[in-house]
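Summary of the model geometry
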Amino acid sequence: MAQRTSIEVHLSPRELAPDDRGLFAHPMLYWAGASAEPDWSEKAVRNVRRHLTYGGMMLVDRADGELGFDRSVRQTLERLFPRSPLERIPEDHVLYKSFYLVSGQAGRVLRAPYLEGVKLQDRYAVVYSQNDLGGAWARDAFGRWEYEVTPGGERQRELSFRLGVNLAMYAMCLDYKDDLVHTPFILRRRR
Amino acid sequence: MEDAVIRWFAPESAGPFNDWRLIFQSEWMGPWLWVLAAIVGVAWVASALGVRRVRGRGALLALRAAVLVVAAFLVLQPGIELRAVSPVRSQVIAAFDGSNSMELATRSATRRQAVLDHWERSSSAVARLEQQASLELFAFGTETQPVDRAPSEIAADDARTDLGGLLADLAWQAEARDLGAVILYSDGADTEGLTAAEARRRAEQLGVPIHAVGFAEDDTGPDLAIADVRTDEFAFVHNTVQIEVKIEARNLRLASVPVTLKRSGAVLRSEDVQLAGGEGNIVFEFEPKEVGKEVYTISTPVQPGEVVAANNQRSLVMRVIRDRIRVLQVAGRPSWDVRFLRELLERNPNVDLISFFILRSTTDVQKASQEDLALIPFPVNELFTTELDSFDVVIYQNFSYRPYRMAQYLGNIRRYVLDGGSFLMVGGDQSFQPGYYAGTPIADVLPVRLDGGFGGTVIPWDDASFTPRLTPQGRRHPVTRIAEPGAPPERAYRRLPELVGMNGSSGLMPGAEALLEHPTLPGNPPVVAIREVRKGRSMSVATDSTWFWRFRAVADGGQGREYDRFWNQALRWLIRDPELSRVRVDARRAVLPRGEPVEADVRVLALDYGGLAEARVDVELVPVAGESVDGPVPEGRAADRTTDEEGRASLAFSDVAPGTYLLKARARTEDGPVGEAAEPVIVEPTDRERRDPFPRPEILRALADASGGTFRTVTEPFDEIPLETEQRVEVDRSRQIPLWDDVPWLFLLVGLLGAEWWLRRRAGLI
């Protein structure tokens, strides 16, 4: 992101528990998992709910092929926002054009041809990918790709980066690319 | 016959009586009980028809009818009233127009003189009329008043003509007395908006013939007038507004006349208007540039010999408001500071937000073709030349102009601010000095001083955290008053998360005020500063971390309201929202005719925006430079008041000379000044009478036609004044003589009832 956009990036990510008040120093959260997780405490649910309600955004990324993490995610989101269920994000949503013009899904694998999200008022406060975006982005200590990307190979990896950039742009710019001034340019390039 | 009746009932004292009438003295029952009693009585009589024996039935019917008549006689208590009466003469009112338009010239003399000549030439008809009716003279203008002097002594100096008021007074007279006719002398130039249709309706209601004497429409001296000006009371800034002007020329041979529209004394448009049939119309279209109240004046040159020169000019005050607040937000890169400010602006339904975020840096590495990017060119030229003036507020948020070769447009921003625009610079590592703004035209209009410039010392971006400190000005200023009402202003800042990152500066520019300052950096540089720069406003927020007040504050149980309050108030201050002023002055009428008082209401608000009691208010009526004022401004054009419990005060200036004024109000308390406000007021050079002084015979004709009267011009004297009236009498004396209170009537009733009973018994009905 630092290489491709003008966004300033803290290159050392910080790991925080969901009940940590330090979450509020970081408006964008990333929650990835490969297996079922213990239920969040009530304090954690309140903390994250407050974070997301007041402007935060959380990208949830399913890394494994098992359903354990998926179940944990759905149960947790149900507790977080019982009145705002997960829904499929439409393909023409602004996050597919917030920086790159992206069509279709990407990630280390392609388990779901869609992103899901929890909408609070007019924005998606939670975006859930089942395709392991983090797996496509990950490098080892020597800078090599950590995982193979299937079935699309390096093209799919590139698309995973683009989708990741778009998600960060969406968190920071919201529906900026839906402003009328952008529409004619974007329509021309979509053709 | 009358004499015989009077002598019969008053043989000894018939002398004074010359009239009699039958009366009923009963006060027993109301009309519905009378009807009920009559029905019962008739039914009782009619029941005799059901008797089987034919011979007895006729007698019974007769007896019962006789009982009914005698009973009715006793109950109704009839009598005779003898009266001494004398006939009453009808009243005729001659109403003379006493407004000052009657002093205007006709082709031969003044209108007033023409009326007097007509009255003189109609003297025979008037004399005959006075034999049948009593004639009373009235003068009317603003009010209607009886006069006990000759028409030649009725002055024509009233500033209004209220024909509707005259008709109301005539209606009152018609109810009180036998009003047989009205003679009306007027030019018909009503100043209170009476139409011919309304005149017709009111005359029909009056029901008394009006014989109107007026003037032909063209019976006037030469005159050119701005006859009508129509526009909306308010307009939207930067949106086209229209002012429709109607020109009327009487007895002038003009094919066209120039008409000029001025805004605050400066010529805005000037065009020739073609006249056809003495009338011409023009529509001025323009875009108001500033929010507030603007004075517009429409004028056309005075022609030689004009009857009224003052009606060649009309002024109006137009209230210019925003349809929506147009905000341009230019951000050097996406950031949380940018995002939360955008979110706040987008939430505001009154804001029309245009955002431009620089999403790529000049050094980024792109692995995608241009076609795969959703990026658009930064329309620098369009934004900062043609469209710039359409924005109410321009925000540079951590944005440096340098990479985009925008140096040539910085002068436009300066001009935009000097001409009334609002500019806000929000901090960051690409803003203020790090953004290379020192020495640029933008630095001239910022509230903070950016010393250094090219080759100078650059004050670095400071990454340390701090809690900003309120300055004395900041404690009072609405922008930084983010605490709940009643709470100490500083407490809100102490409770908020610390800010991180600060753009230094070398202090304040002249006229600027710091509202928040850094507590520890040398010289306590301003964190938030404001400045009024000629007609515009600028503001600096020397940090890119105010979003902490919105988001980090939530971790400590807050809801981010302080952030919302700060930025919403900042926006309102930047756009000069009148609601943010603690002193407000409102002229009850922004444009008023000469001779009428300038009335104003002042409201003074406390820091919590509740009414401020016991504040001293000084109000001045100051002539606006460049606008024409007839003669010197009279003495005593200033006044002072003390506000009541709701913070209100009212006052009026009378005898104000024509011209354009600013009504200025300054309020202060023992603690110091509260604020000031100003509002334009126009006193027109003409009163209502002279604004549209042309004769309006159609009004008089409508009055005459609808009332059954006549209309004529002053050239046609009365031969005869018709009088329609019913003869009324006045009762000087009366005497009532009862017919019913003799004992034999009672015996007769008892006898008849006894006979009726006997007859029924004999017939076997009992």
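Summary of the structure given here.

How each quantity is defined
- Residues numbered from 1 in each chain as written.
- Chains lettered and ligands numbered in written order.
- Predicted model: local features only at pLDDT ≥ 70, side-chain atom pairs only at ≥ 80, totals over all residues.
- Helix = DSSP H or I, 4+ residues; strand = E, 2+ residues; numbered from the N terminus.
- Buried ≥ 20, exposed ≤ 12 C-beta atoms within 10 Å, placed from the backbone.
- Contact = placed C-beta atoms within 7 Å.
- Core = buried A, V, L, I, M, F, W, Y, C linked by C-beta atoms within 7 Å.
- Pairing = 2+ DSSP bridges.
- Axes fitted to C-alpha atoms, helices over the stretch in contact; angles between N-to-C directions.
- Nonpolar A, V, L, I, M, F, W, Y, C, P; charged D, E, K, R; others polar.

**Some points on the overall build of chain A**
Scanning chain A from terminus to terminus reveals 5 helices and 5 strands. Ordered by position in the sequence, the α and β elements of chain A form the string β-α-β-α-β-β-β-α-α-α. Relative to its 191 residues, chain A shows a buried fraction of 41%. The contacts of chain A with a sequence gap of at least 6 include a subset with a gap of at least 24, amounting to 74%.

**Focus on the nonpolar core**
Within the largest apolar cluster, 119 residues are counted, with the highest numbers of intra-cluster contacts made by Val126(A), Val327(B), Val393(B) and Ile395(B). The leading source of residues in this core is helix H4 (residues 153-173) of chain A, at 10 residues. Val393(B) has contacts with Ile325(B), Val327(B), Ser422(B), Leu424(B), Leu571(B), Leu574(B) and Ile575(B), leaving out every residue within four places of it along the chain. Counting 43 residues, the second-largest nonpolar core is a separate cluster that includes Ile183(B), Leu184(B), Ala212(B) and Phe215(B).

**Here we look at the sheet that holds strand S25 (residues 536-541) of chain B**
Residue and element names in this part refer to chain B. Here we have 8 strands laid out as an open sheet, ordered S17-S16-S18-S19-S25-S24-S23-S21, and mixed in their pairing. On the outer flanks of this sheet lie strand S17 (351-357) and strand S21 (469-470), each paired with one strand and no other. On top of the sheet, helix H10 (residues 407-418) reaches strand S18 (393-397), strand S19 (422-426), strand S24 (526-533) and S25; it is set at about 120° to S25, its chief contact.

**Things to note about the interface of chain A and chain B**
Contact with chain A, which involves 32 residues of that partner, is made by 31 residues of chain B. Of all the secondary structure elements, the ones that give two or more residues to the side of chain A that touches chain B are H4 and helix H5 (183-190) of chain A. With 5 residues, the top contributor of residues to the side of chain A that touches chain B is H4(A). Split into classes, the residues belonging to the side of chain A that touches chain B amount to 16 nonpolar, 6 polar and 10 charged.

**Focus: the pairing of strand S5 (residues 144-147) of chain B**
Residue and element names in this part refer to chain B. With 4 bridges joining them, strand S4 (residues 133-140) and S5 adopt antiparallel strand pairing. In the strand pairing of S5, Ala139 is matched with Gln145. The turn linking S4 back onto S5 is made up of 3 residues.

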